[in-house]
Amino acid sequence: MREVAILGVGMTRFGELWDSSFREIGIQAGLSALVDSKLSSQDLNALYLGNMASGTLLEQEHIAPLLMDYAGLAGHHLPAIRIEAGGASGAVALHQGYLAVASGKYDFVVVGGAEKMTDVPDVAANRILGGTADQEWESVFGATLPGLWALMARRHMHDFGTTREQLASVPVQAHEMASKNPNAHYRNKITLEQVLHAGPVAEPLGVFDCAPLSDGAAAVVLGPAERARKFTDIPVRIAASEMATDTLALQHRSSITRLDATVVAAKRAFAHAGKSPKDVQVAEIHDAYSISALLALEDLGFETKGHAGAAFADGTYGIGGRTTVNPSGGLKAQGQPFGAVGVAQVVELVRQLRGLSEARQVAGATLALSHDVGGTGATSVVHLLERMN
Amino acid sequence: MTTVARYWRETPRRYNLGGCRCPTCRTVFFPPRSVCPACVTHRRSFGKMEPFQLSGDGEVFSYSIVHDAAEGFEMQVPYVLALVKTPEGPTLTGQVVDVAPDQIRIGLRVHATFRKLREEGRAGVIHYGYKFAPVSEPLAGTGTAESASPAQAPGERGRVRA
């Protein structure tokens, strides 16, 4: 397996992009990543596209050739592959693109993630994303995705003394970070009081504990690391790309306060790269719900089980902390276009490693981690990214 | 809208809590599975899992009070969603009914009860299945609020509709 580098990145703004179609945002992200990389379209070998639910959100399947077509590349007749893994679709697409280049089968691939969520009403979108949980044994009994994460939150509070205020500190930091991100869905700052007094969604989680439904797309260009400098001034090496799975339904897990898929993916990733959590200066982690971020910090190995709430509320993971978490604003505030999330996390981290993140730059970052989850944790993906010197 | 068959085929499980048990390691599963994931020789269990009836007993392992309902549950908000751990082993996801939201707690003893879950509009399939209701615990004679069954003294205000 050869080393793989990220040669270019691009993304759209995240939010309610009512004036843009799925195909428009998809090609905007892909072409901006290609332009960023200085790679000629002639040299491209394949597209890997992460997308959760175009079939139900848009009644449009077969979207990978569609985007190739509207990118002006249909005449190249390239392989174009759509990948679905719930909210982790984009991260799994990156894993597949990485494998394709690492194996030597392809030299240059675009990995994209795109989701158009506001072409259906909220009720329909929520039903569709409920399909990332178990329709037959969870959803049919009244379980919603926030409801299932709320079950994890309640048990975490019961077992470890995690408080409502500690949970609320997660979205407060997310909005603070996103206020400096021009691509973010929400750039307004919020207070702890606002989070605590927001309308309930699934107790103990309220409106501000839950990431929004967003439109958006993101893309990266991958190539062999030994040829990277021809296409970019500051290449970023994929030091590890690991994914793991678990039972689809929460009820079948051995623990609901730990995502074993994340634990396993993180262990594999750190072992592969010969690194540990203390080596990571900046991370983009899955914070679809406030509890998701706390579980992630524990399961990735940044905190021992049960301690993430207190650590997060103390500001350990803000700018200037040992590891800065979600400088983009995360899923909560940068936005949550499901299939695009895993790729957008990597776009943010590459810009951080290049030192181009301006107001939200993490000083001197050389090693970054991205973590994305599908459903309630049936899929988890961890990438480690390292600036090449 | 889905066909009747999709719901009809699950009725033994959703109406009667019919699970299964591995003949080798005796682990119980709900819903039933074709192969035992607990068993080191799991492939040998394929096609040999035995039917096993859950008792319907359980206790609340975790819960949430849902305000933003799943589709078809809008008329029931707020409702209590819970993970219920059964003495036979499996954990089930379902609503807890006949309990005021402020009386739900981790550890609450419940028993499965057959209820209407939701309907797909006026002309669609009506889904039935299990929910859970608190078990009346025998009064210990101490007269503490803890020992009274929530089912016997629910406040009308905020009462969860079944």
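As the structure is a computational prediction, the values presented were derived from the model and not from experiment.

## Points about the interface of chain A and chain B
Facing the 27 residues of chain A at the interface are 34 residues of chain B. In this assembly, chain A and chain B are joined by 3 salt bridges. Between Glu-71 of chain B and Arg-127 of chain A there is a salt bridge; the shortest N-O distance is 3.0 Å. For the pair chain A and chain B, the number of links is 16 residue pairs in polar contact (both at pLDDT 80 or more).

## Examining the packing of aromatic side chains
Under the defined criterion, the tally for this structure stands at 13 aromatic pairs over all chains. Relative to Tyr-130 of chain B, the ring of Phe-141 of chain A has its centre 4.2 Å away and its plane inclined at 20°; by these criteria the two rings are stacked. Taken together, the positions of Phe-141 of chain A in the loop between α5 (122–129) and α6 (145–160) and Tyr-130 of chain B in strand β8 (residues 126–134) put the pair across two chains. We note that Phe-141 of chain A, like Tyr-130 of chain B, is buried. Arranged with centres 6.2 Å apart and planes meeting at 20°, the rings of Phe-312 of chain A and Tyr-317 of chain A form a pair that is stacked. When sorted by exposure, Phe-312 of chain A lands in the same class as Tyr-317 of chain A, which is buried. In this structure an aromatic cluster arises from ring pairing among Trp-137 and Phe-141 of chain A together with Phe-30, Tyr-130 and Phe-132 of chain B.

## Section: the domain arrangement of chain A
Residue and element names in this part refer to chain A. Taken domain by domain, chain A holds domain 1 (4–121 + 214–236) and domain 2 (137–209 + 238–387). Computed from C-alpha coordinates alone, the two centres of domain 1 and domain 2 are separated by 23 Å. Counting residues at the interface gives 44 residues for domain 1 and 36 residues for domain 2. Where domain 1 meets domain 2, there are 1 salt bridge.

## Looking at a nonpolar patch on the surface
Residue and element names in this part refer to chain B. On the surface, a cluster of nonpolar side chains totalling about 350 Å² of accessible area is made up of Tyr-15, Phe-114, Ile-126 and Tyr-128. With respect to the secondary-structure elements, Ile-126 resides in strand β8. Classification of Ile-126 by relative accessible area gives partly exposed; the value is 36%.

## Comments concerning the environment of Thr-247 of chain A
All names here are of chain A. Following the sequence through the fold, Thr-247 ends up in the loop between β8 (236–245) and α9 (260–273). Taking relative accessible area as the criterion, Thr-247 reaches 24% and is therefore assigned partly exposed. Among all residues touching Thr-247, those that are not within four sequence positions of it are His-252, Arg-253 and Ala-378. Only 2.9 Å separates the side chain of Thr-247 from the backbone oxygen of Ala-249, close enough to count as a polar contact.

## Some details on the nonpolar core
Residues and elements named next belong to chain A. Core analysis: the biggest nonpolar cluster contains 71 residues, and Trp-149, Ile-285, Leu-369 and Leu-384 have the highest contact counts within it. For this core, the element with the most residues is α6, which contributes 8 residues. Each residue touching Ile-285, except ones within four places of it in the same chain, is listed here: Ala-293, Ala-296, Leu-297, Leu-300, Val-325, Asn-326, Leu-331, Gln-345, Leu-369 and His-371. Ile-6, Tyr-48, Val-350 and Leu-385 belong to the second-largest nonpolar core, a separate cluster that totals 40 residues.

## Overview of the domain arrangement of chain B
Residues and elements named next belong to chain B. We note that the domain assignment places domain 1 (18–53) and domain 2 (57–135) within chain B. Once you take the C-alpha centre of each, domain 1 and domain 2 turn out to be 26 Å apart. Facing 4 residues of domain 1, the contacting portion of domain 2 comprises 4 residues. In this assembly, domain 1 packs against domain 2 so that about 350 Å² is buried in total across both faces, 75% of it on carbon and sulfur atoms. It is Val-28, Phe-30 and Phe-52 in domain 1 that bury the most area against domain 2; as a group they hold 95% of the surface buried on that side. Our enumeration of links across domain 1 and domain 2 arrives at 0 residue pairs in polar contact (both at pLDDT 80 or more). Looking at the side of domain 1 that touches domain 2 residue by residue, the class counts come to 4 nonpolar, no polar and no charged.

## Considerations on helix α4 (residues 89–103) of chain A
Residue and element names in this part refer to chain A. If you check α4, its first and last C-alpha atoms are 21 Å apart, about what 15 residues at 1.5 Å a residue would give, namely 21 Å. Among the 15 residues of α4, 12 are classified as buried, and the element is accordingly described as predominantly covered. Residues of α4 that are buried: Ser-89, Gly-90, Ala-91, Val-92, Ala-93, Leu-94, His-95, Gly-97, Tyr-98, Ala-100, Val-101 and Ala-102.

## Quick look at the packing of helix α1 (residues 22–37) of chain A against helix α3 (residues 63–70) of chain A
Residues and elements named next belong to chain A. Orientation of α1 relative to α3, taken along the N-to-C sense of each, is 70°, at an axis distance of 9 Å. With respect to α3, the element α1 is oriented roughly perpendicular. Where α1 crosses over α3, the handedness of that crossing is right-handed. In this structure, α1 contributes Phe-22, Arg-23, Gly-26 and Ile-27 to the contact, and α3 contributes Ile-63, Leu-66, Leu-67 and Tyr-70. Among the residues making up the contact of α1 with α3, the classes are represented as 6 nonpolar, 1 polar and 1 charged.

## Remarks on the pattern of salt bridges
Evaluated as defined, the whole model comprises 25 salt bridges over all chains. In the salt-bridge network here, residues are joined through shared partners; they are Glu-3, Arg-237, Lys-275 and Glu-386 of chain A.

Reading the values: rules and limits
Residues numbered from 1 in each chain as written. Chains lettered and ligands numbered in written order. Predicted model: local features only at pLDDT ≥ 70, side-chain atom pairs only at ≥ 80, totals over all residues. Heavy atoms only, no water. Contact = heavy atoms within 4.5 Å. Salt bridge = Lys/Arg side-chain N within 4 Å of Asp/Glu carboxyl O. Polar contact = N/O pair within 3.5 Å; in protein donor to acceptor, adjacent residues only side chain to side chain. Phe/Tyr/Trp six-rings, centres within 6.5 Å; stacked < 30°, edge-to-face > 60°. Helix = DSSP H or I, 4+ residues; strand = E, 2+ residues; numbered from the N terminus. Buried < 20%, exposed > 50% of the residue type's maximum accessible area, 1.4 Å probe, protein only. Domains from an automatic or database assignment. Patch = residues over 30% accessible without salt bridge, like charges linked within 9 Å, V, L, I, M, F, W, Y side chains within 5 Å. Areas by Shrake-Rupley, 256 points an atom, 1.4 Å probe, with all protein chains shown as cover. Core = buried A, V, L, I, M, F, W, Y, C linked by side-chain atoms within 4.5 Å. Buried area = accessible area lost by both parts, 1.4 Å probe. Nonpolar A, V, L, I, M, F, W, Y, C, P; charged D, E, K, R; others polar. Expected span 1.5 Å × (residues − 1). Axes fitted to C-alpha atoms, helices over the stretch in contact; angles between N-to-C directions. Parallel < 35°, antiparallel > 145°, perpendicular 65-115°, else oblique. Left-handed = near helix turned anticlockwise from the far one by under 90°.

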